[in-house]
Amino acid sequence: MSQTIHFYVGLHRSGGTVLASILSQNPKVYVTSNTVLHDMLSLVNKTWHETPSVITHPIPEQLDNMNKAIVESMWSHRPEPIIIDRNRNWSHCMTESSKWFGKDIKVIASIRDIPGIMSSWVTLYKRENSHISQTTIEKFAFRMWNDYTKEYVDSFVKMKKEAGDRVHFFSYDDIVSYPVYHLSRIEHFLGIPHFDYDLDNIQGDFQDSNIIPEGFEGLHRIRPKYEKVSVPPEQALGPNLYQKFLELDEKFKSELYHGNYQ
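Treat the numbers as computed from the prediction; the structure is a model and nothing was measured. (Residues numbered from 1 in each chain as written. Predicted model: local features only at pLDDT ≥ 70, side-chain atom pairs only at ≥ 80, totals over all residues. Heavy atoms only, no water.)

Trainee: Where do I start with unusual backbone geometry in this structure?
Mentor: Working note: non-glycine residues mostly have negative phi, and peptide bonds are mostly trans. One non-glycine residue with positive phi stands out, namely Arg 13, at about 60°. Residue position: Arg 13 is located in the loop between strand 1 (4-10) and helix 1 (16-23). Despite not being glycine, His 131 shows a phi value in the positive range, around 60°. Following the sequence through the fold, His 131 ends up in the loop between helix 6 (114-128) and helix 7 (134-163). (Helix = DSSP H or I, 4+ residues; strand = E, 2+ residues; numbered from the N terminus.)

Next comes the structure, spelled out in structure tokens:
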């Protein structure tokens, strides 16, 4: 059976796991957990170009054949005709992915304001570390920004430059506030048959690993009802930290939507 593959990339704490669970309610669609497809294609292509026998006698068609075999076999055990492969590292390599797949791939990309992302990290941290000082909170927040979040914020700008209108961006706040409308827009963008999603009974079996060594309880917990429950970023971060991340967010949005690259 021929399958159509799309990508789903999301900034940290932008509702990726729960949205994947919602879209997977559609019997025509399978949204993956964070997968190895990107990593396998990256590794094969890197190894091929570095292999001495290839360097001395390259046969490009062989690499094309291997890429095609990996792509076609990765999800062949799934019966759904539409696969949405979820790995935020696709945002780093849209140009390369067109070569690997032999065509341009459409991407849905969830974003969230940077204060909201960092507020979500801090809220999880506070939940497991009570009675901590604001200085400790700020150190934690900047570590999470520098070690995890910034890389993907920057990669989303790169993805927009490389892929243009092949990427459909949607914000965490918008889709939580108007889920039916934005799910319909995602369906239209990807060419997915319409489905009436049950937003009051969301379930999922994603087994995504925590991205940080210490982990957090409930990092990928899926609530049965789709609604926003986070505290205001100003409250979670404090005024100074909130202002810093707000400035970074304004720069990010300017680059992403208006091409004001700095």
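Structure's up, so let's keep going.
Trainee: For this particular structure, what's the right way to read helix 6?
Mentor: Residues spaced three or four apart along an α-helix point in a common direction, a consequence of the helix completing one turn every 3.6 residues. For helix 6, with 15 residues, the first-to-last C-alpha span of 22 Å sits near the 21 Å given by 1.5 Å per residue. For helix 6, a buried count of 11 out of 15 residues is recorded, marking the element as mostly surrounded by other parts of the structure. Of the positions making up helix 6, those classed as buried are Ile 114, Pro 115, Gly 116, Ile 117, Met 118, Ser 119, Ser 120, Trp 121, Val 122, Leu 124 and Tyr 125. Structurally, helix 6 contributes buried residues whose contacts are with helix 7, helix 10 (233-237) and helix 11 (239-258). Of the residues flanking the start of helix 6, the one acting as N-cap is Asp 113, its side-chain oxygen 2.7 Å from the backbone nitrogen of Gly 116. (Expected span 1.5 Å × (residues − 1). Buried < 20%, exposed > 50% of the residue type's maximum accessible area, 1.4 Å probe, protein only. Contact = heavy atoms within 4.5 Å. Polar contact = N/O pair within 3.5 Å; in protein donor to acceptor, adjacent residues only side chain to side chain.)

Trainee: Can you walk me through the packing of aromatic side chains in this structure?
Mentor: Aromatic ring pairs are described here by two measures, namely the spacing of the ring centres and the angle between the planes. The tally for this structure, following the rule as stated, stands at 10 aromatic pairs. Measuring from centroid to centroid gives 6.3 Å for Tyr 8 and Phe 170, while their planes differ by 35°, and the two rings are tilted. A residue pair is termed long-range when its members are at least 10 positions apart, and Tyr 8 in strand 1 and Phe 170 in strand 5 (residues 167-171) qualify at 162 residues. Using a relative accessible area of 5% as the deciding quantity, one classes Phe 170 as buried. Summarising the aromatic geometry, the rings of Trp 90 and Phe 101 are spaced 5.8 Å apart at their centres and angled 70° between planes, so their arrangement reads as edge-to-face. In this pair, Trp 90 sits in the loop between strand 3 (82-86) and helix 5 (94-101) while Phe 101 sits in helix 5, placing the two residues 11 residues apart along the sequence. Accessibility expressed as a relative area gives 0% for Trp 90, which makes it buried. Chaining the aromatic ring pairs together yields one cluster made of Phe 7, Trp 90 and Phe 101. Sitting over the ring of Tyr 30, Arg 78 keeps its end group 3.8 Å from the ring centre. The side chain of Lys 106 reaches across the aromatic face of Phe 189, ending 5.1 Å from its centre. (Phe/Tyr/Trp six-rings, centres within 6.5 Å; stacked < 30°, edge-to-face > 60°. Lys NZ or Arg CZ within 6 Å of the ring centre and 35° of its normal.)

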